[in-house]
Amino acid sequence: MSIRRRKNQNYETKEILDSLNTSALSGEKFLQKYAKPIGILFSIVIVAALGYVIYDNYVVTPKNIEASDLMVDAENLYNEGKIDQALGGKASGISGFVDIAEEYSNTKAGKLAYLYAGVTQFKKGNYQKALEYFQNFDSPDKDLKAVKYGAISDTYVELNNTTEAMNYITKAAKESNNAATAYQFGKKAGILAMSLNQNEKALEFFQSIHDKYPDIEQNGEVEAYIERLKYATGKQ
């Protein structure tokens, strides 16, 4: 290696080191200048994280246990046929589904209470009220979402809004991960589509569940629908 090349390399190395030293000094000055604000920022993040953990473990979890206990009592009343008491409400003096949903809305049990309140109102024939409770229910669980969509579809049927009923039963059929519920929602979607003379769509639903869940169908009902719809649509 030539002396000139070594000198160039040494010069380049010195430049890099000088640059790093300058950057380091700039970093030190930056930290000196902004140490307090940065410290406050990290404190805020830590406090927020701790706050979440404390809230989750010492507020949400105990609340969820309380709500779950109340849900068991309300479910027992519902199963006994005491649906007004199970529903609850301020006038009843009993913590039923409505009260649990409102008071414990930030817990899993409280959110589930909206679904139960909707089902109870549906059973009482209060379809508009049932719809409100169903729409207030939310869950990351895909199968519970499918149940919600299926319930909303049934409610829209009772409210004579078949367009929305079809939209929601389609969502229910697509959302569910569970074979049994996906099959049932797909079947309901097919029957509803057929009742609306949407034979092409009905055939798609029936064919889909027949192909995906061949072991669930026992009585040949879906196969019969498929043959009937193939004939009606000229696809036989």
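The paragraphs below set out a description of the structure included in this document.

1. A look at the overall build of the chain
Along the backbone of the chain there are ten helices and zero strands. Along the chain, from the amino end to the carboxyl end, the secondary structure elements read α-α-α-α-α-α-α-α-α-α. Looking at the chain residue by residue over its 236 residues, the buried ones come to 31%. In the chain, the share of contacts with a sequence separation of at least 24, taken over all contacts with a separation of at least 6, comes to 48%. As displayed, the chain offers around 15100 Å² of accessible surface, 54% of which is attributable to carbon and sulfur atoms.

2. Describing helix α5 (residues 127-136)
All of the buried residues along α5 are A130, L131, Y133 and F134. The buried side chains of α5 occupy one side of the element, clustering within an arc of 165° when seen end-on. Residues of α5 that are buried in the fold lie against α3 (97-103), α4 (108-124) and α6 (142-158).

3. Considering α6
Taking 1.5 Å per residue as the helical rise, α6 with its 17 residues ought to reach 24 Å, and the 25 Å between its terminal C-alpha atoms agrees with that figure. All of the buried residues along α6 are A146, K148, Y149, G150, A151, I152, S153, T155 and Y156. Here the buried face of α6 lies against α4, α5, α7 (162-175) and α8 (179-195). N-capping of α6 is provided by D141, with a side-chain oxygen placed 2.9 Å from the backbone N of D143. One or two steps after α6, the chain reaches N160, where phi turns positive at roughly 60°.

4. Things to note about the packing of α8 against helix α9 (residues 199-212)
Contact pair α8 / α9: the axes reach a minimum separation of 8 Å and the direction vectors enclose 160°. As summarised for this structure, α8 and α9 are arranged roughly antiparallel, according to the angle between their axes. Crossing hand, α8 versus α9: left-handed. From α8, A182, Y183, G186, K187, A189, G190, I191, A193 and M194 reach across to α9, where they touch N199, K201, A202, F205, F206 and I209. A class-by-class count of the residues in the contact of α8 with α9 yields ten nonpolar, three polar and two charged.

5. Digging into the side chain of K148
Along the polypeptide, K148 turns up in helix α6. D138 provides the closest opposite charge to the buried, salt-bridge-free K148, at an N-O distance of 4.9 Å. At a separation of 2.8 Å, a polar atom in the side chain of K148 contacts the main-chain carbonyl oxygen of F137. In this view, K148 contacts L115, F134, Q135 and F137; residues no more than four positions away in its chain are not counted.

6. Re a negative patch on the surface
A surface patch of negative charge is lined by E66, D69, D73 and E103. When residues of the negative patch are assigned to their parent elements, the largest contribution, three residues, is made by helix α1 (residues 3-79).

7. So, the pattern of salt bridges
A pair can form between side chains of opposite charge whenever their charged atoms are brought close. For the coordinates displayed, the defined rule picks out seven salt bridges. Across the salt bridge formed by K82 and E80, the nearest N and O atoms sit 3.4 Å from each other. Given the relative accessible area of 38%, K82 is considered partly exposed. Here E221 makes a salt bridge to K187, at a shortest N to O gap of 2.7 Å. Of the two residues, E221 sits in helix α10 (residues 221-232) while K187 sits in helix α8, which places them 34 residues apart along the sequence.

8. Focus on unusual backbone geometry
The phi torsion at N160 lies on the positive side, around 60°, for a residue other than glycine. Within the secondary structure, N160 is located in the loop between α6 and α7. Backbone geometry at N197 places phi at a positive 65°, although glycine is not the residue there. Inspection of the secondary structure puts N197 in the loop between α8 and α9. When its relative accessible area of 66% is taken as the criterion, N197 is described as exposed.

Reading the values: the criteria
- Residues numbered from 1 in each chain as written.
- Predicted model: local features only at pLDDT ≥ 70, side-chain atom pairs only at ≥ 80, totals over all residues.
- Heavy atoms only, no water.
- Helix = DSSP H or I, 4+ residues; strand = E, 2+ residues; numbered from the N terminus.
- Buried < 20%, exposed > 50% of the residue type's maximum accessible area, 1.4 Å probe, protein only.
- Contact = heavy atoms within 4.5 Å.
- Areas by Shrake-Rupley, 256 points an atom, 1.4 Å probe, with all protein chains shown as cover.
- Arc of directions from axis to C-beta.
- Expected span 1.5 Å × (residues − 1).
- Polar contact = N/O pair within 3.5 Å; in protein donor to acceptor, adjacent residues only side chain to side chain.
- Axes fitted to C-alpha atoms, helices over the stretch in contact; angles between N-to-C directions.
- Parallel < 35°, antiparallel > 145°, perpendicular 65-115°, else oblique.
- Left-handed = near helix turned anticlockwise from the far one by under 90°.
- Nonpolar A, V, L, I, M, F, W, Y, C, P; charged D, E, K, R; others polar.
- Lys, Arg positive; Asp, Glu negative; His and termini not counted.
- Salt bridge = Lys/Arg side-chain N within 4 Å of Asp/Glu carboxyl O.
- Patch = residues over 30% accessible without salt bridge, like charges linked within 9 Å, V, L, I, M, F, W, Y side chains within 5 Å.
- Charge placed at Lys NZ, Arg CZ, Asp CG, Glu CD.

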